[in-house]
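# Structural features, examined
Here's the letter readout for the chains.
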Amino acid sequence: MNMMNPPTVGNISAKFLNRIVSNQTDKRRMVNEAVGRVLSVYLPTVYDEQLNEQIDWLLDSMLLELGQQPGVAAAEGMVRGGRALVVTGKAGAGKSRALAHAFASRPEFEGFGKAGEWCPLLSVVAPSPFTLGALGNEIARKLGYHGRREIQHSKVWPVVRELMAEFGLRILHIDEAQHGDEIKCDSMAQEVENTFKRMMQEADWPIWLILSGLPELSRFCQNDASMKRRVRVLPFETLTFPEHATDVLQMMRDIVALCPSVGCSELQSVAFAHRLLHASTYQFGIALEYVQDAIAECLMVEGGGELGIGHFADVYAIRTGVRNDDLNPFLAEDWTAIPVESALYEDLLDEAGKPTGARKPKGRCTKGVTK
């Protein structure tokens, strides 16, 4: 029997995607083009300026520590190690998107996210369930290690440090770094901090860290006097009402402006902004997602027109699975009493099916176009 040569992964993917495109209806194509514009836009917030200031601090400390600042003589034995920037905020605050935008837009990180191009920064997502060995192996894979077996826990971090030096990487970004808090044993938690400290204090190739995650991450190295001065924390604060009502409404106008066939004049009220903030657990990133998904819902169902509160109610129902109008913050009379967080997030369970105390957001989804 003649056997075909197996196709490459790239060829399979391209062929499958081409099939999807060729079978799209005109309506689906129109909706996707509009939604693509909506999803690709980045709206700066007050935190962008603060984030860039802290990245400046991180990069400037590198020049001084490595004796590369013009006009400053390098002191003998001056290198004391790297620094760490810790970016915290509740789920949906927008910190990951802000960091990705900073990495992609700053000239110091040219090449970030582009296949085959060198960049001094490596970004990884911490695994969950978390172990120090799993994190080390994830970084090693990102750096090109493709062994059939995972590197042993005791050996993986020396390999990581060697690979980072080999590739000329100076900055390691770990997103969802709060997963390290899943370690309940104090000695293991201390091992995580010690591992990061060794990377920062490596004499031959010190590493600078950017850690992003939930507010509990702000505890990183705060009990270590020698490290505390090397760590800065930038919190993305929770929004409040009425202080941020006008900001949320302006965000909605900016997004809707990208879709000429959609309007939002009917929703330009402080009362609606309050409902949107509550439904978003007062997090900017979630509020932005609701607006994006409501526009997609309006385009898919009606082909455009005025955004209405019903579009947002439908998106909430699709996202959370809540079908009772009395439990939908966009429809209920007593909407401020609805515990939105319990609908937006689900508990993570251990192997025995018991809650671990950690939670993850439910995935975003919108209705598909069927005709």
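For clarity, every value in this text was computed on a predicted model and none was experimentally measured.

On to the nonpolar core, then. Formed by 48 residues in total, the largest nonpolar core has its most connected members in M251, M252, L276, Y290, I295, L307 and F312. With 12 residues, helix 11 (residues 284-302) is the largest single contributor of residues to this core. For I295, the contacting residues outside a window of four places in its chain are V38, I255, V256, C259, V262 and L307. One finds L132, L169, I207 and L217 within the second-largest nonpolar core, a separate group that totals 33 residues.

Here the focus is helix 6 (residues 153-166). Three- or four-residue spacings in an α-helix give side chains the same orientation, since the helix completes a turn every 3.6 residues. Over its 14 residues, helix 6 extends 21 Å from the first C-alpha to the last, a length consistent with the 20 Å expected when each residue adds 1.5 Å. Those residues of helix 6 lying buried are V156, W157, V160, L163 and M164. Buried residues of helix 6 fall within an arc of 125 degrees about the axis and therefore sit on the same side. Helix 6 presents S154, E162 and E166 as exposed residues on the side facing more than 90 degrees away from its buried surface. Note on helix 6: the residue one or two positions beyond its end, G168, has a positive phi of about 70 degrees.

What follows deals with the packing of aromatic side chains. For the coordinates displayed, the defined rule picks out 11 aromatic pairs. Ring centres of Y316 and F330 lie 6.5 Å apart, and the angle between their planes is 70 degrees; on these two criteria the pair is classed as edge-to-face. Taken together, the residues Y316 in helix 12 (residues 309-320) and F330 in the loop between helix 12 and helix 13 (340-344) connect sequence positions 14 residues apart. On the basis of relative accessibility, which here comes to 0%, the residue Y316 falls in the buried class. In this structure an aromatic cluster arises from ring pairing among F272, Y290, F312, Y316 and F330. The positively charged end of R170 is found above the aromatic ring belonging to W205, 3.5 Å away from the centroid.

Scanning the entire structure with this criterion turns up nine salt bridges. With its nearest N and O atoms 3.6 Å apart, the salt bridge here joins R141 to E150. The partner of E202 in a salt bridge is R161, and the shortest N-O contact between them spans 3.5 Å. Of this pair, E202 sits in the loop between helix 7 (186-201) and strand 4 (208-213) while R161 sits in helix 6; the two residues are 41 residues apart in sequence, bridging distant segments of the chain. By relative accessible area, which is 27% here, E202 ends up partly exposed.

Before going further, it helps to examine helix 4 (residues 95-105). Those residues of helix 4 lying buried are K95, A98, L99, A102 and F103. All buried residues of helix 4 project into a common sector of 135 degrees when viewed along the axis, lining one side. Turning to helix 4, the residues buried within the fold contact helix 3 (46-65), strand 1 (84-89), strand 2 (121-125), strand 3 (171-175), strand 4 and strand 5 (231-236).

Let us look at the sheet that holds strand 1. On the basis of which strands lie adjacent, the open sheet formed by five strands has the order 2-3-4-1-5 and parallel pairing. Looking along the sheet, the strands with just one partner apiece sit at the ends: strand 2 and strand 5. The sheet shows a mean angle of 15 degrees between the axes of neighbouring strands, direction not considered. Against the sheet, helix 5 (residues 132-142) touches strand 2 and strand 3, its axis set at about 130 degrees to strand 2.

This brings us to the confidence of the model for the protein chain. Per-residue pLDDT for the protein chain averages 87, and the proportion of residues at 70 or more is 86%. Mean pLDDT across the elements of the protein chain ranges from a minimum in strand 9 (residues 355-361), with 51, to a maximum in helix 10 (residues 270-279), with 98. Overall, residues 365-371 carries pLDDT values under 50, and its contacts beyond four positions in sequence, including any with other chains, amount to 12 contacts.

Attention now goes to the packing of helix 9 (residues 245-256) against helix 11. Helix 11 packs onto helix 9 with a crossing angle of 40 degrees between their chain directions and a minimal axis gap of 10 Å. Relative to helix 11, the element helix 9 is oriented oblique. Considering how the two elements wind past one another, helix 9 and helix 11 form a crossing that is right-handed. Facing helix 9, whose interface residues are M251, M252, I255 and V256, helix 11 presents F284, A287, L288, V291 and I295. Among the residues forming the contact of helix 9 with helix 11, the class breakdown is nine nonpolar, no polar and no charged.

What counts as what
- Residues numbered from 1 in each chain as written.
- Predicted model: local features only at pLDDT ≥ 70, side-chain atom pairs only at ≥ 80, totals over all residues.
- Heavy atoms only, no water.
- Core = buried A, V, L, I, M, F, W, Y, C linked by side-chain atoms within 4.5 Å.
- Buried < 20%, exposed > 50% of the residue type's maximum accessible area, 1.4 Å probe, protein only.
- Helix = DSSP H or I, 4+ residues; strand = E, 2+ residues; numbered from the N terminus.
- Contact = heavy atoms within 4.5 Å.
- Expected span 1.5 Å × (residues − 1).
- Arc of directions from axis to C-beta.
- Phe/Tyr/Trp six-rings, centres within 6.5 Å; stacked < 30°, edge-to-face > 60°.
- Lys NZ or Arg CZ within 6 Å of the ring centre and 35° of its normal.
- Salt bridge = Lys/Arg side-chain N within 4 Å of Asp/Glu carboxyl O.
- Pairing = 2+ DSSP bridges.
- Axes fitted to C-alpha atoms, helices over the stretch in contact; angles between N-to-C directions.
- pLDDT = per-residue confidence, 0-100.
- Parallel < 35°, antiparallel > 145°, perpendicular 65-115°, else oblique.
- Left-handed = near helix turned anticlockwise from the far one by under 90°.
- Nonpolar A, V, L, I, M, F, W, Y, C, P; charged D, E, K, R; others polar.

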